[in-house]
Amino acid sequence: EGVKEILLWNANDLDSLYPYGPDHFMHRRCLADPEQPDPTLLPRFNNSAAYRLILRRGDLAYWPPQWAHYIRTVEGTSVSIGHRHHITQPIPPQPAPPDLILQVETTSRYAKGSGSPGYLEYMIEQKGGRSLSENTGSGNDDDDDHVL
């Protein structure tokens, strides 16, 4: 019987999460990390702007298109099933500048897309800038780690 914590940010707050741009392999994810905020490099990020939900067995959560989410299991084992459904194509948020992405992902803190040394360069050169787990063919990539 697991328990999940979900943090949700309104679509109006997306710029403060520093989203990766559409040409980056981490597209639909954000630089801001709720567990390791970086007020020096990401000063607009504010955890307190998020709505906090606690989900237990049988609970259901819904959030509108383009609301960012962060999900973590806080107790026991849990499973999530999600479906992304957009009636209209949302307007993309302003992406984080490439120099900021590089600066954040080369700090000593955990960086979502950095991997081992040379990982970013390898992904850009060998995989066209997409992560190995991305499903680019169907347009229905619904990994749980997406935030937008």
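Look a little higher up for the structure.
An account of the accompanying structure is given in this report. Each chain has its residues counted from 1, following the order in which its sequence is written. The model is predicted, so local features are restricted to residues of pLDDT at least 70 and side-chain atom pairs to those at 80 or more, both for listing and for counting; the totals for chains, interfaces and linings are taken over all residues. Think of the side-chain values as coming from all heavy atoms in the structure, minus any hydrogens and water.

A pair of strands counts as paired when DSSP detects no fewer than two bridges linking them. Secondary structure elements are defined from DSSP: runs of H or I of at least 4 residues count as helices, runs of E of at least 2 residues count as strands, and each element is numbered from the N terminus. What the three strands build is an open sheet, ordered β2-β1-β3; its pairing is antiparallel. Every other strand in the sheet has two partners, leaving β2 (51–55) and β3 (68–75) as the edge strands with one partner each. Sheet twist, expressed as the mean angle between neighbouring strand axes with direction ignored, is 20 degrees. Relative to β2, strand β1 (residues 3–9) runs antiparallel, the two being bridged by five bridges. Bridge pairing links Glu 5 to Ile 54 in β2. Geometry is summarised by axes, namely lines fitted to C-alpha atoms with helices restricted to the contacting stretch, and by angles between N-to-C directions that run from 0 to 180 degrees.

We now examine helix α1 (residues 98–105). When we look at burial in α1, the residues that qualify are Leu 100, Ile 101, Val 104 and Glu 105. All buried residues of α1 lie within an arc of 120 degrees about the axis, which places them on one face of the element. Turned more than 90 degrees away from the buried face of α1 sit Pro 98 and Asp 99, all of them exposed. Accessibility here uses a 1.4 Å probe with only protein chains present; expressed as a share of the type maximum, an area under 20% marks a residue as buried, one over 50% as exposed, and anything in between as partly exposed. In this description, one arc is meant: the one made by directions from the helix axis to the C-beta atoms.

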